[in-house]
Amino acid sequence: MEVDGGAPLDDKAKRMRDLLSSFYSADPPPSMPSNTSSRYATLDTINTTSFDAEQYMNLLVQKSNLENLLQRHVEMAAEIKNLDTDLQMLVYENYNKFISATDTIKRMKNNIVGMESNMEQLLEKIMSVQSRSDGVNTSLFEKREHIEKLHRTRNLLRKVQLHRFIFCGKEQFIYDLPSRLGKCIKSEAYADAVKYYTGAMPIFKAYGNTSFQDCKRASEEAVSIIKKNLQVTSLLPSLLFPSGKLFSDTESIQARAEAAMLLKQLDFPVDSLKAKLLEKLEQSIDDLRPESRDISNASVDCDELSKQENFIDSVPSTAHQASTHEFVEALRAYRVIFPDSEQQLIKLAQNLVTKNFEATQLQIRRQIRSVDLLGMLRAIWTDVLLMDEVLPEAALSAFSIEAARVAVKQYIDSRFSHLLLTISDALTKVQCRPKEGVEEEYTLESALGASKKAVTEGSMDVLQDFRQLLDDDLGLLVKLRALLNDWVQEGFQDFFRKLDNHFLLLSGKINSTGQDQGLTEGTQKEKIISGLVVVLAQLSVFIEQSAIPRITEEIAASFSAGGARGYEYGPAFVPAEICRIFRSAGEKFLHLYINMRTQKISVLLRKRFTTPNWVKHKEPREVHMFVDLFLQELEAIGTEVKQILPQGIHRKHRRTDSNGSTTSSRSNPLRDDRIIRSNTQRGRSQLLETHLAKLFKQKMEIFTKVEHTQESVVTTIVKFCLKSLQEFVRLQTFNRSGFQQIQLDIQFLRTTLKETAEDEAAIDFLLDEVIVAAAERCLDPIPLEPPILDKLIQAKLAKKSEQSPASSSLHGFSSP
C-alpha cells in the first residue's frame, strides 16, 4: 500500500499495515523455543510472540538504572496510547468500508430486478424476425436462381464477341508484323520494333505452329537483325573488347542505355554481364588518377616533381577530366541498366575517393607544399561533385570532408615535424666532425644563428602555408576552417613542447624514446659537447623573448577564429605557458653547461692532488703544469661563451664593493705575519687566532644568480672550480714544500685571474681560502718569502709569454 500515488509509506502507515496483518493473519509467525527465548532474551523481544514479561522486566532492571527505567516507563506509556489510538482508527476505517460495501450490494440488487423479464421479451422479438426472414428467402429463391443464370449467360456472350473482335485485329497485326519490323529497322526505330515484337510474343507462343508459322519465322529474322544493331549501339562492345575504351564518342550514354534496356526486353543475357561490367569499372579507377600515380611513384623525387612547371597547378588536366566524365557516365548507365546496383556503385565511388586521399596522404609524408596539397584536394573535390550528381545517395561530399579532415590534419602535423627536424639538423651539425677537404668548421655561433633562423623563418613559412589553406575558397576546406584554426594553434602548442623535450634529449638530460630516436641518433651516439648546451640555453632565451611574441601576433592576426574544439577545453595556444617552459629551459641549460665544464676541470684538479706524495714533496721550482691546463680550460670556456652569450655590464665587483669583509678573514694574517714569523708553533697559534677572528667577521656572498652573459658564466665556473680546489686540498696532508707549491700556484692564479671574473673580491677570497686550507693541512706551514714568490711568478709569466703571447689572455676575459 502506497500513499500519494507512489510515495513510500511513513512510519504510521507501516505500523497500521502491521497491525492489520497481525489481526487478519491466519497463521501466527513462528516463535522461538522457550529454551532459546530464555537463553537469548534481549530488550528487543517485546515485539515477538514469545515475549516473557517477567524475564523482560528482570533484564530491564539489571541493565538500566532508575532514571532509565522511568524514561522507559514514559516511552512505553506513550507507545501504548499510540497503539490504542491506531487500533481505534483502524476499527473505524474498517467499519466505514463495511458500510460502503453493504450499500453497494443493495444498489446492485435493486438494479437487477426486472432485467429477466426484459431479456425474455427481446428473445421473442428476435425469433419472430428470423421466422419472417426465412419465409421471404423461400418465396424468392426460384426467381433469384433464374436471374443469376441469365446474368452468367449475358457475360459469356460479351466475352465471346470481344474475343472474336480482338483476335481478328491481332490476326491482321501478326500478318503485318514482319513488314513493320523491316520499316523500324530502316528508320532505326528500335524501341517501336521491340514493342511490336514483345506484343506478338504471346500469340506466337500459343499459335506459332499454325498459320502464323511463316510470320513467326520472318519476325524472328528481323529481331535478330535488331539485336545485332542494338549490341553495336549499347555498352556491350566495350565488355566484349576490354582493350578498347569504355565508351566511344559516336553514341550518347542515353542511347547506349536505351539500347541495353531494349536488349534486356528481347531476353538478351544482359544481367549475366553485370559482374563483368562492375569489375571493369573497378579496374578503371586506377586510370582516373594519372597524376597521382606519377606523384606516388617511389622512384621519383618529390622535390624535383614539385619544381616542374605547372605540375600540380594543371590538376585536374584535360585527360583527367575526360576520364572522370567517362567514369561518371559509366556509373549513370550502369545504374539505368541495373536499377538494383545502388549499393555496389556507392561502394565503388567511395573506394575511388578513398584511394585519391590515400595518394594525397602519401605525398604529405614526403613534405609537399600547400599549393600542391590544394591542387590535389581541388582535383578530388571536382570528382566528388561530378559523382554526387549521379549518386546523391552516396553522400560523397560528407564522406570526402571526413577524409580531407584526416589529410589536412596529417599535413599540419607533418609540417611541424619537418620544422622540428630542421631545427634539430641546425643544432646537431655542431656534433658532426668536418669532412675531409672542408676547412671551415661549423662553429657554435653558426649553430645558434642557423637554429634561430630555423625557428623564426620556419615558423613563418609554416604559418604562410597554413594561411594559404585557410584563405582558399575550395568547398572542401571552407567547412574545415574552424578546425584548421584550432589545429594550427594546437600544433604550435604541441610543437614547442616537443621542441623543449627535444632540447632535453640533445643535452643528454633525458634518454631518447623510439619516436625521437631518429632526431637524436647522431647526437646520442657521441658524447654531448658542452658548446651545444650553451647554444640550447641561448636559443631557449631567444624563443621566449622573440619567437613566441612574433608567432603569437601572427596567430592572433590570421588564426584566431577557431572554437571548434569547445570552450570547455580552454584556448588551444597559450603563449604564457610556452614562455615559462623556455625560460626555465634556458636556466636549466645554462646551469648544465656550468656543471659540465666544472666537472671536467674537477677531474683535472682531482688528478693533480691525488697523484703526488705531498708529505715528501720537493721544494717548488716553478708553477705546476696543472695551472696551465686549468687556464687552458678557462680559455676554451671563454671562447665558447664569447660566440654565444652577450657581454654584460662591465662593472667588476672589486674587493671594496663587497658588502662583507674587505679582507679575507683568514688569509691576510697569513700573508703578512706568517712571512715574518718562522717559528712553526707560533704559526699554528696564528691559525687559532684566525679562526677566532672569523667568528666576528661578516660573511661574503660568493655564489650569486647566474645571468646569460659571458662574464657571469665564466665567473661562476671559476668560483666552482676554486671551491672544488679548496675541497681537494682539505683531503691531503702537506709538508712545508708542498704547502709552498700550493702557495706558488695560487699566487700565480691570482695574478692571472684578477681580470677574468667580474667579482674580483669573491675570487680573491676563494684563493685565500685555498691557501688557508693548505696551511691547516700542513705539518710545517712556513710560506715562501715574497721576493722568492715574485721571482718564480715572473719567470713563469715570461716563459708563457715567449711560448704563446696570445694565450696569456682568455680571449678578452683575462690579462696578466
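Residues numbered from 1 in each chain as written. Predicted model: local features only at pLDDT ≥ 70, side-chain atom pairs only at ≥ 80, totals over all residues. Heavy atoms only, no water.

Per an unreviewed UniProt entry, the protein goes by the name Vacuolar protein sorting-associated protein 51 homolog and belongs to Rhododendron griersonianum. Regarding the protein, the relevant UniProt record gives this comment under Function (unreviewed entry): "Acts as component of the GARP complex that is involved in retrograde transport from early and late endosomes to the trans-Golgi network (TGN)." Reading the Subcellular location (unreviewed entry) entry of the UniProt record for the protein gives the comment "Golgi apparatus, trans-Golgi network". (UniProt positions renumbered as here; feature names shortened; annotations may be inferred.)

A. Fine view of the packing of aromatic side chains. For the coordinates displayed, the defined rule picks out 14 aromatic pairs. Centroid distance phenylalanine 609 to phenylalanine 626: 6.2 Å. Interplanar angle 65 degrees. Geometry classified as edge-to-face. Taken as a pair, phenylalanine 609 in helix H22 (residues 575-610) and phenylalanine 626 in helix H23 (residues 625-644) lie far apart in primary sequence, 17 residues in all. Neither phenylalanine 609 nor phenylalanine 626 differs from the other in exposure class; each is buried. Of the aromatic side chains, those joined through ring pairs into one cluster are Tyr411, Phe416, Phe466, Phe492, Phe495, Phe496, Phe503, Phe573, Phe582 and Phe589. The ring centre of phenylalanine 609 lies 5.9 Å from the NZ or CZ of arginine 608, which sits over that ring. (Phe/Tyr/Trp six-rings, centres within 6.5 Å; stacked < 30°, edge-to-face > 60°. Helix = DSSP H or I, 4+ residues; strand = E, 2+ residues; numbered from the N terminus. Buried < 20%, exposed > 50% of the residue type's maximum accessible area, 1.4 Å probe, protein only. Lys NZ or Arg CZ within 6 Å of the ring centre and 35° of its normal.)

B. Layout of a nonpolar patch on the surface. On the surface, Leu87, Met89, Val91 and Tyr92 cluster together into a nonpolar patch covering about 380 Å² of accessible area. For methionine 89, the location among the structural elements is in helix H4 (residues 66-112). (Patch = residues over 30% accessible without salt bridge, like charges linked within 9 Å, V, L, I, M, F, W, Y side chains within 5 Å. Areas by Shrake-Rupley, 256 points an atom, 1.4 Å probe, with all protein chains shown as cover. Salt bridge = Lys/Arg side-chain N within 4 Å of Asp/Glu carboxyl O.)

C. Structural detail: the nonpolar core. Core analysis: the largest hydrophobic core is formed by 145 residues, its most contacted members being Phe492, Phe496 and Ile543. Per-element tally for this core: the top contributor is H22, with 14 residues. Not counting chain neighbours up to four residues away, the residues in contact with phenylalanine 496 comprise Ile543, Ile548, Ile551, Ile578 and Phe582. Counting residues in hydrophobic clusters, the runner-up holds 22 residues, among them Ile174, Phe204, Phe212 and Ile226. (Core = buried A, V, L, I, M, F, W, Y, C linked by side-chain atoms within 4.5 Å. Contact = heavy atoms within 4.5 Å.)

D. Focus on the pattern of salt bridges. Tallied over the full model, the rule gives 19 salt bridges. Between lysine 600 and glutamate 633 there is a salt bridge, and its shortest N-O distance comes to 3.8 Å. Taken as a pair, lysine 600 in helix H22 and glutamate 633 in helix H23 lie far apart in primary sequence, 33 residues in all. Residue lysine 600 is classed as partly exposed on the basis of its relative accessible area, which comes to 47%. A salt bridge links glutamate 622 to lysine 799; its shortest N-O distance comes to 3.9 Å. Placement of glutamate 622 in the loop between H22 and H23 and of lysine 799 in helix H29 (residues 786-803) is noted, with a sequence separation of 177 residues between them. Classification of glutamate 622 as partly exposed rests on a relative accessible area of 45%.

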